[in-house]
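Results of the structural survey
Residue strings, one per chain:
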2 protein chains.
Amino acid sequence: MYAIGIDIGGTNLKAGLVDERGGLVSAEKIPLRWEGPEKFVADLLALGDRLLEQQGLDRGAVSSVGMGVPGVVDHRRGTIVKTTNIPIRDLPVAEWIQRSWPVPVHLGNDADCAAWGEYCHFSHSEEESLVLVTLGTGIGTGLVLGGRLHRGCNGCAGEGGHIVIVPGGELCSCGRRGCWERYASASALVRQTRAAMAAHPDAGLWEIAGGDPSNVDGRTAFEGLRRGDAVARQVVEQYLDYLAEGVTDLINLLQPTFLCIGGGLSHEDDAYLLHPLQRRVETMRFDRDLQRHTEICKAVLGNDAGIIGAALLGRL
Amino acid sequence: MYAIGIDIGGTNLKAGLVDERGGLVSAEKIPLRWEGPEKFVADLLALGDRLLEQQGLDRGAVSSVGMGVPGVVDHRRGTIVKTTNIPIRDLPVAEWIQRSWPVPVHLGNDADCAAWGEYCHFSHSEEESLVLVTLGTGIGTGLVLGGRLHRGCNGCAGEGGHIVIVPGGELCSCGRRGCWERYASASALVRQTRAAMAAHPDAGLWEIAGGDPSNVDGRTAFEGLRRGDAVARQVVEQYLDYLAEGVTDLINLLQPTFLCIGGGLSHEDDAYLLHPLQRRVETMRFDRDLQRHTEICKAVLGNDAGIIGAALLGRL
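Along each chain, the written sequence defines residue order, and numbers are assigned to residues from 1. Chain letters and ligand numbers both follow the written order, the letters beginning at A and the numbers at 1. Only residues with pLDDT of 70 or above have their local features reported here, since the model is predicted, and side-chain atom pairs are shown and tallied only from 80 upward, although totals for entire chains, interfaces and linings are computed over all residues. The side-chain figures draw on all heavy atoms in the structure; neither hydrogens nor water molecules are used.

**Here we look at the packing of aromatic side chains**
Residue and element names in this part refer to chain B. Two rings from Phe, Tyr or Trp (for Trp, the six-membered ring) form a pair when their centres are within 6.5 Å of each other. A pair whose planes differ by under 30 degrees is stacked, one over 60 is edge-to-face, and the rest are tilted. On inspection of all chains with the given rule, the structure shows 8 aromatic pairs over all chains. Ring plane angle 40 degrees and centroid distance 5.1 Å describe the contact between phenylalanine 122 and phenylalanine 258, whose orientation is recorded as tilted. Of this pair, phenylalanine 122 sits in helix H3 (residues 110-122) while phenylalanine 258 sits in strand E12 (residues 258-262); the two residues are 136 residues apart in sequence, bridging distant segments of the chain. For the exposure calls, accessible area comes from a 1.4 Å probe over protein chains only, and a residue counts as buried if that area is under 20% of its type's maximum, exposed if over 50%, partly exposed in between. The class for phenylalanine 122 is buried, based on a relative accessible area of 12%. Going along the chain from the N terminus, every DSSP run of H or I of four or more residues is numbered as a helix, and every run of E of two or more is numbered as a strand.

**Things to note about the environment of histidine 267 of chain B**
Residues and elements named next belong to chain B. Here histidine 267 lies in the loop between E12 and helix H9 (274-284). A relative accessible area of 61% means that histidine 267 is categorised as exposed. It is 9.4 Å that separates the C-alpha atoms of histidine 267 and glycine 302, two residues lying 35 residues apart in sequence.

**Some remarks on the interface of chain B and chain A**
At the interface, 47 residues of chain B touch 47 residues of chain A. By definition, the buried area sums, over both parts, the 1.4 Å-probe accessible area that each loses when the two are put together. Between chain B and chain A, roughly 4,100 Å² of surface is buried when both sides are summed, and carbon and sulfur atoms account for 54% of that area. Together, Cys153, Arg176 and Leu253 of chain B form the three largest contributors to the area buried by chain B at its contact with chain A, with a combined 18%. The salt bridge criterion pairs a side-chain nitrogen of Lys or Arg with a carboxyl oxygen of Asp or Glu, the two atoms within 4 Å. Taken together, the links from chain B to chain A amount to 8 salt bridges. Elements with a contribution of two residues or more to the side of chain B that touches chain A: strand E10 (139-145) and helix H8 (230-254) of chain B. In this classification, Asp, Glu, Lys and Arg are treated as charged, Ala, Val, Leu, Ile, Met, Phe, Trp, Tyr, Cys and Pro as nonpolar, and every other residue, Gly included, as polar. When grouped by side-chain class, the residues that make up the side of chain B that touches chain A number 19 nonpolar, 16 polar and 12 charged. Pairs of residues are marked as contacts when any of their non-hydrogen atoms sit within 4.5 Å.

**A look at the pattern of salt bridges**
Counted under the stated rule, the structure contains 41 salt bridges over all chains. Note that arginine 59 of chain A is salt-bridged to aspartate 49 of chain A, the shortest N-O span being 2.9 Å. Note that arginine 59 of chain A is positioned in the loop between helix H1 (37-54) and strand E4 (62-69) and aspartate 49 of chain A in helix H1, a separation of 10 residues in sequence. Notably, a salt bridge pairs glutamate 223 of chain B with arginine 227 of chain B, separated by 3.0 Å at the nearest N-O pair. Judged by its relative accessible area of 25%, glutamate 223 of chain B is partly exposed. On the accessibility criterion, arginine 227 of chain B (51% relative accessible area) is exposed. Through salt bridges that share partners, Glu207, Glu223, Arg226, Arg227, Glu268 and Asp269 of chain A make up one connected network.

**Quick look at the relation of the copies chain B and chain A**
To superpose the copies, least squares is applied to the C-alpha atoms of every residue with a pLDDT of at least 70 in both. With an RMSD of 0.0 Å, the operation that places chain B on chain A is a rotation of 180 degrees combined with a shift of 0.0 Å along the axis. Taken together, the rotation and translation relating the two chain copies correspond to the operation of a two-fold axis. Identified as the residue of chain B closest to the rotation axis by C-alpha distance is isoleucine 165 of chain B, at 2.9 Å.

Keep in mind these numbers describe shape, not what the thing actually does.
In structure tokens form, the structure reads like this:
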């Protein structure tokens, strides 16, 4: 049997067929064009059927459908409560799908699905915990605690990007000041890199960016560091300090078995990102003399984590 | 049937007999004199027997014994791994007790036990969550998530007092700088009150403290606020700002059903502590437009929370 995982993005619907061992057998992507909820659900169904067709399978081969949503879901009622980029409010999507495809339908927040996917990959026993920290435009965190997704009382738990690490600091999109994601997301690193370039017209970073700050991305400062640029080194070290503060907060509070770093930045050489992060956290975490500690590691499923985790929601 | 709950403090052993509804039937306290592990376990047993004797009961009336430990336990093996104030290391206390009293023995960290006690009081369904924040010498936090104690991979989860709210700030006993408990514990409020008095020799706080800063306690600034002292108001407002930052971090991350404030300070009038805290958090928490939110409330079991929670560990 297979499960279908659907990852609802702001611009695309991605779906994959996942086997019982959690492997992604095939995947599909279509642009998301919002023309109302009926069309949206019809697109989801068509996407599922297309996946099956490609493998010469029919709906009988599918044991469940899981869906990762960029927003808040009520997983008990199978309802999308609200999403950030699509005008969905209180859509009973599970029921709508089941009208034409009577299969268990599971919903999750997209960051939660990604964490669940990584957890299914990493965990070896039932009571382990995993926190996934995804460095992107913001910082997404998903919490699997004692083998279960922690969704909180309102489906909105796991907003680790919105713990404050600089009180009274930069204004965040959430309305609070000094949130972690304002300082340690990939976008924050881009802003920090550009600010350093503006302050240092002679920095090697300019050459890497082809003389144009709009070419800066999350890799630019790391590339400068590799080339021995002192300004780039400062940018990366400050960035890692910010990253380590929030990671240590999460560890001191939750002591998960695994804390995985995901997102594009996580592909940087371990010598430049993972190892210095581990060293910083090592000096700050609580109860350093305990034998057992959270393992800080890289996420492994990359962009597929959301699809795989959504497909595996039925395991919860 | 009854359960015995034992709260191991730095200076006292407290124990109570708890009925099936979670009510504390009787309690006892003896000074903790450390004369080695054998004597320690013998004292625990004698304390339990004394509780039963007082009620005209025998060991047959006891279904389980629970123990809250100021330190790290391995609850699966029934071992106290280490404690902060007593020289215990890797003591298989459950097994030692069971040699002469064959009853299930459950272990928990003391802050976890208190949170579990409050949870058993507050919760109405299985999947609720509760975070207990105890304002004392430090800040203790205990996490009950989805109806289960979250202990983390090493029994050391829930160190919410050691999330940073002022990066690079005051040095904490844990070795990190700027931890929440350096700014928002009851001890921190005492330090802040004394600092304000030193800076303002004319403040009304001096009168409340009888002219002697060593008389300052957690109530002094609140009493000054009640009497209309402007310096006291500043102290309390700054303190509440610090408290609210950490509470909001916990809520944004965990969205528990209940976040309970415990410790002596929680007995302040709601108008001076709970309500202004709620208002501050309301302006900062993530997703303020959701219908369901964490309820910020006072803990209700007071100093008995540890005993009751320890006794109820068998319910986990």
